[in-house]
Amino acid sequence: MRTGRALTLGPMTPQPNPQVGAAVKAADRKHVFHSWSAQELIDPLAVAGAEGSYFWDYDGNRYLDFTSGLVYTNIGYQHPKVVAAIQEQAAKMTTFAPAFAVESRSEAARLIAERTPGDLDKIFFTNGGADAVEHALRMARLHTGRPKVLSAYRSYHGGTQQAINVTGDPRRWASDSGTAGVVRFWAPYLYRSRFYAQNEEQECARALEHLETTIQFEGPETIAAIILETVPGTAGIMLPPAGYLAGVRELCDRYGIVFVLDEVMAGFGRTGEWFAADLYDVTPDLLTFAKGVNSGYVPLGGVAISGAIADTFGKRPYPGGLTYSGHPLACAAAVATINVMEEEGIVAHAAKLGADVVGPALRELAERHPSVGEVRGVGMFWALDLVRDRETREPLVPYNAAGEANAPMAAFAAAAKANGLWPFVNMNRTHVVPPLNVSEAEIKEGLAALDAALTAADAHTT
């Protein structure tokens with residue numbers, strides 16, 4: 001069955017070419033080993049091109065991308081100013097070793113430091129979010145001389161060895177040997193409260209009490225860091241209740257623990273602020289970033305470092321680095337991206353569109369679709385928690401469902417794609433995470449397709 005919508009040809013849209021698509025697909029299936037996948041059970045779409053909020057295949061099907069890639073194309077695909085900046089940098093200096101001062105690297109660090117909260121003014125560049133987490137935790141352990149890290153269930157911090165071990169979802173299980181020095185705790189999530197809370201105030205207070213008890217029983221003098229996603233991304237976009245992050249900050253100060261905020265997904269405008277920490281008026285000791293820093297055009301991540309931790313390595317070498325740290329092409333893309341976001345008012349646009357259009361529309365969908373248990377989000381960062389039963393809040397599919405058990409979510413995703421929408425689906429949730437500069441008309445187009453697709457999910461409710 002043909003899926004997607006016939007594309008409207010534009011200056012960057014190629015004519016359909018199924019033969020080329022078949023060749024791309026054949027080479028992929030023969031040689032590419034895909035992440036997080038059973039290789040013989042996947043059927044990757046051959047993508048011919050992308051522009052703005054859309055991408056298309058070789059058969060002439062166009063999709064509105066409600067995933068922003070993997071929640072990183074914050075300014076959409078192929079923004080001409082960022083493409084031009086990469087081309088200009090490539091003509092000038094394609095690459096150079098990280099031990100030298102390079103213009104694009106210095107300027108990217110300056111622009112990032114201007115936007116991070118508090119005194120997070122030193123920037124250590126990495127190639128992506130997972131290695132940013134790796135280095136943040138290494139810095140915390142060296143700074144404190146302590147071995148343990150506390151992280152939350154319902155979290156994702158990356159696929160490298162330490163980052164996957166501080167992750168709190170099933171992707172960790174196959175790599176978790178129990179020797180990484182990680183202790184997990186429950187963060188607040190009122191809709192599925194682990195604390196039998198009746199309101200956000202109770203959830204916040206009980207979650208903080210649980211965290212402090214965990215610290216006390218583990219031994220504060222053994223804990224180097226607490227790492228949290230400011231707003232958890234893949235795990236469900238659960239906004240922390242008022243006072244929670246400030247409470248964690250206070251606990252870290254009380255017990256001499258480094259507070260690490262992971263803003264790999266939430267940062268660079270996704271929540272309608274430059275960093276989600278700004279929503280909660282909290283400053284961590286270390287902040288990790290990637291993805292939206294340059295819309296993923298060239299791989300880049302990093303750690304923003306407080307003065308106190310930077311001072312630890314003032315006369316003591318930091319034992320870590322990467323060959324491509326602060327790669328000139330990636331940094332040029334970051335400079336251009338940040339400037340574009342400023343010039344075009346993209347962060348404010350994401351905040352306004354989220355508050356005035358996306359949030360109200362999703363809540364209206366929830367009133368009409370029994371499969372929608374909860375709507376939550378901010379800016380261009382939203383989740384629909386899909387359920388079989390609103391009263392019991394039973395998820396539409398079981399935790400970590402696969403195969404036939406995941407059929408209801410698979411049916412929902414297929415229905416969305418048939419209506420020209422590429423959805424973000426994880427477990428029993430769909431996330432609405434389009435580019436931050438998506439237009440109101442595009443949002444309404446996507447929400448109409450989402451409305452139709454939810455009918456497939458409604459068929460599995462009780």
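Residues numbered from 1 in each chain as written. Predicted model: local features only at pLDDT ≥ 70, side-chain atom pairs only at ≥ 80, totals over all residues. Heavy atoms only, no water.

J.: Any chance you could explain helix H3 (residues 80-92) here in plain terms?
T.: Side chains three or four residues apart in an α-helix point the same way, a direct result of the helix having 3.6 residues per turn. Here H3 spans 18 Å end to end across 13 residues, near enough to the 18 Å set by a 1.5 Å rise per residue. Buried residues along H3 sit in contact with helix H4 (103-115) and helix H11 (328-343). (Helix = DSSP H or I, 4+ residues; strand = E, 2+ residues; numbered from the N terminus. Expected span 1.5 Å × (residues − 1). Contact = heavy atoms within 4.5 Å.)

J.: Help me understand unusual backbone geometry, please; the structure alone is not making it clear to me.
T.: It is generally the case that most residues other than glycine have a negative phi and that most peptide bonds are trans. Backbone geometry places serine 68, a non-glycine residue, at a positive phi of 50°. Counting through the fold element by element, serine 68 comes out in helix H2 (residues 68-71). Look at serine 68 and you get buried, because its relative accessible area is 0%. (Buried < 20%, exposed > 50% of the residue type's maximum accessible area, 1.4 Å probe, protein only.)

J.: I would appreciate a short explanation of the environment of valine 102 in the present structure.
T.: Here valine 102 lies in the loop between H3 and H4. Considering only alpha carbons, one finds valine 102 and methionine 265, 163 residues apart in sequence, at a separation of 27 Å. The residues contacting valine 102, other than those within four sequence positions of it, are Met93, Phe96 and Pro328.

J.: It is not clear to me how the environment of threonine 392 should be interpreted in this structure. Could you clarify?
T.: Counting through the fold element by element, threonine 392 comes out in the loop between strand S13 (381-389) and strand S14 (394-395). According to the relative accessible area criterion, threonine 392 is exposed, its value standing at 53%. Along the primary structure threonine 392 and glycine 373 are separated by 19 residues, whereas in three dimensions their C-alpha atoms are 9.7 Å apart.

J.: Where do I start with a nonpolar patch on the surface in this structure?
T.: Together, Met93, Phe96 and Phe100 give the surface a local cluster of nonpolar side chains, amounting to about 280 Å² of exposed area. With respect to the element layout, methionine 93 can be found in the loop between H3 and H4. (Patch = residues over 30% accessible without salt bridge, like charges linked within 9 Å, V, L, I, M, F, W, Y side chains within 5 Å. Areas by Shrake-Rupley, 256 points an atom, 1.4 Å probe, with all protein chains shown as cover. Salt bridge = Lys/Arg side-chain N within 4 Å of Asp/Glu carboxyl O.)

J.: Looking at this structure, how should I read the sheet that holds strand S10 (residues 286-289)?
T.: Backbone-to-backbone hydrogen bonds pair the strands of a sheet. The strands run either parallel or antiparallel. Strand order in the open sheet made by the seven strands is S5-S11-S10-S9-S8-S6-S7, with mixed pairing throughout. Both edges of this open sheet fall to strand S5 (122-126) and strand S7 (182-185), since each of them pairs with a single strand only. Averaged over neighbouring strand pairs, the angle between their axes works out to 20° when direction is ignored. Pairing geometry for S10 and strand S11 (residues 301-305), over four bridges, is antiparallel. Note that in S11 the partner of leucine 286 across the bridge is isoleucine 305. Packed on one face of the sheet, helix H5 (residues 129-144) meets S5, strand S6 (148-152), strand S8 (223-229), strand S9 (258-262), S10 and S11 and runs near 165° to S10. Contacts between helix H8 (residues 244-255) and the sheet are confined to S7, S8 and S9, with S9 contributing the most and set at about 150° to the helix. (Pairing = 2+ DSSP bridges. Axes fitted to C-alpha atoms, helices over the stretch in contact; angles between N-to-C directions.)

J.: Can you walk me through the confidence of the model for the chain in this structure?
T.: In low-pLDDT segments, the atomic positions of the prediction should not be examined closely. Across the chain, pLDDT averages 95, with 97% of residues at or above 70. Low confidence marks residues 6-11, where pLDDT is under 50. Its contacts with residues over four positions away, or in another chain, come to ten contacts. (pLDDT = per-residue confidence, 0-100.)

J.: Is there a simple way to explain the nonpolar core in this structure?
T.: Across soluble globular proteins, you tend to see nonpolar side chains buried next to one another. By size, the foremost hydrophobic cluster in this structure holds 68 residues, and its most contacted members are Phe125, Leu362, Ile443 and Leu450. Apart from the residues within four sequence positions on either side, leucine 362 is in contact with Val375, Trp382, Leu384, Val432, Leu447 and Leu450. (Core = buried A, V, L, I, M, F, W, Y, C linked by side-chain atoms within 4.5 Å.)

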